[in-house]
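Here are the chains, one letter per residue:
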Amino acid sequence: MAHHMEWRGGIVNYDRAVGPGVRERSFWGLAAKAHLKTSAAKVALPETRRYDRPKVEIEGGMRAAFWRFAHQHYHGRKPLFLVDVAAFTWFAFFALIYGAALLAGWLPDFIEALVGLFLIGGPLMLGVLHRRIRIEAAKSPDALYRKRLLTSR
């Protein structure tokens, strides 16, 4: 069981493998870590927080595509609050209409239920996603660009 360094998404682990899935901190691993901290030629690793890194590759790809789209469309202008209001108003209106119809005893067939799902779920999804873009863009002028870079790794 040899000492080794391994790269894990911005973190270098100086551990010794003890058993399947179990690692033990070793003196030499800690010494190598201390050397890296004091070394004049250390490489600046990108700072990533655990909750910023995608957990699943497909989810990470979708997340990167979403922030790439947000940056492409909103790098020159601010996202409007009015778009959020319109999407949530559309969602609330059709949720109220379909809810009242269901309470009145209406039973939709497959096509009517599918149309209702699109009329209610589509605007809700768009409103929530646009709200996330607006909140991120309000953090700083280059926040969407930084989010795009962070998720494309």
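From a predicted model like this one, the values you see are computed outputs, not experimental measurements. (Residues numbered from 1 in each chain as written. Predicted model: local features only at pLDDT ≥ 70, side-chain atom pairs only at ≥ 80, totals over all residues. Heavy atoms only, no water.)

Observations concerning the environment of G127
Phase 1 of the analysis: Structurally, G127 is set in helix α4 (residues 110-137).
Phase 2 of the analysis: Taking relative accessible area as the criterion, G127 reaches 0% and is therefore assigned buried.
Phase 3 of the analysis: The sequence separation of G127 and V83 amounts to 44 residues, and the corresponding C-alpha distance is 7.4 Å.
Phase 4 of the analysis: Setting aside its immediate chain neighbours within four residues, G127 contacts D84, A87 and F88. (Helix = DSSP H or I, 4+ residues; strand = E, 2+ residues; numbered from the N terminus. Buried < 20%, exposed > 50% of the residue type's maximum accessible area, 1.4 Å probe, protein only. Contact = heavy atoms within 4.5 Å.)

What to know about the packing of α4 against helix α5 (residues 143-151)
Phase 1 of the analysis: Across the interface, α4 lies against α5 with an axial gap of 8 Å and an inter-helix angle of 110 degrees. Taken together, the axes of α4 and α5 are roughly perpendicular relative to one another. Together, I133, E136 and A137 of α4 and A143, L144 and K147 of α5 make up the contact between the two elements.
Phase 2 of the analysis: Tallied by class, residues from the contact of α4 with α5 come to four nonpolar, no polar and two charged. (Axes fitted to C-alpha atoms, helices over the stretch in contact; angles between N-to-C directions. Parallel < 35°, antiparallel > 145°, perpendicular 65-115°, else oblique. Nonpolar A, V, L, I, M, F, W, Y, C, P; charged D, E, K, R; others polar.)

Concerning the packing of aromatic side chains
Phase 1 of the analysis: Following the criterion strictly, the structure yields four aromatic pairs and no others.
Phase 2 of the analysis: A centroid spacing of 5.6 Å and a plane angle of 65 degrees characterise the contact between Y98 and W106, whose relative ring orientation is edge-to-face. (Phe/Tyr/Trp six-rings, centres within 6.5 Å; stacked < 30°, edge-to-face > 60°.)

Here we look at the environment of A113
Phase 1 of the analysis: Relative to the helices and strands, A113 resides in helix α4.
Phase 2 of the analysis: A C-alpha to C-alpha distance of 9.4 Å links A113 and Y98, two positions 15 residues apart in sequence.

Comments concerning a nonpolar patch on the surface
Phase 1 of the analysis: Taken together, the side chains of F110, I111, L114, V115, L117 and F118 make up a nonpolar region of the molecular surface, amounting to roughly 640 Å² of accessible area.
Phase 2 of the analysis: Following the sequence through the fold, I111 ends up in helix α4. (Patch = residues over 30% accessible without salt bridge, like charges linked within 9 Å, V, L, I, M, F, W, Y side chains within 5 Å. Areas by Shrake-Rupley, 256 points an atom, 1.4 Å probe, with all protein chains shown as cover. Salt bridge = Lys/Arg side-chain N within 4 Å of Asp/Glu carboxyl O.)

Topic: the pattern of salt bridges
Phase 1 of the analysis: On inspection of all chains with the given rule, the structure shows three salt bridges.
Phase 2 of the analysis: Residue R134 pairs with D84 through a salt bridge whose shortest N-O separation is 2.6 Å. Of the two residues, R134 sits in helix α4 while D84 sits in helix α3 (residues 81-103), which places them 50 residues apart along the sequence.

Thoughts on the nonpolar core
Phase 1 of the analysis: Counting seven residues, the largest nonpolar core consists of F66, W67, A70, Y74, I133, A137 and L144.
Phase 2 of the analysis: Elements with a minimum of two residues in this core: α2 (57-74) and α4. (Core = buried A, V, L, I, M, F, W, Y, C linked by side-chain atoms within 4.5 Å.)

Comments concerning the confidence of the model for the chain
Phase 1 of the analysis: Residue-level pLDDT values for the chain average 75, and 61% of them are 70 or greater.
Phase 2 of the analysis: Per-residue pLDDT, averaged within each element of the chain, yields its smallest value for strand β2 (residues 11-19) (48) and its largest for α3 (95).
Phase 3 of the analysis: Contacts for the low-pLDDT stretch residues 10-18, under 50 throughout, to residues beyond four places or in other chains number 37 contacts.
Phase 4 of the analysis: When the criterion is pLDDT under 50, residues 38-45 qualifies, and its contacts beyond four places in sequence or with other chains add up to five contacts. (pLDDT = per-residue confidence, 0-100.)

Description of α5
Phase 1 of the analysis: Buried within α5 are the following residues: A143, L144, K147, L150 and T151. Down the axis of α5, the buried side of the element spans an arc of 125 degrees, and every buried residue falls inside it. (Arc of directions from axis to C-beta.)

Structural notes on the packing of α3 against α4
Phase 1 of the analysis: Relative to each other, α3 and α4 sit at 155 degrees, their axes nearing to 8 Å. As summarised for this structure, α3 and α4 are arranged roughly antiparallel, according to the angle between their axes. For the pair α3 and α4, the sense of crossing is left-handed. Across from F81, V83, D84, A87, F88, W90, F91, F94, A95 and Y98 in α3, the residues of α4 making contact are E112, V115, G116, L119, I120, P123, L124, G127, V128, H130, R131 and R134. (Left-handed = near helix turned anticlockwise from the far one by under 90°.)

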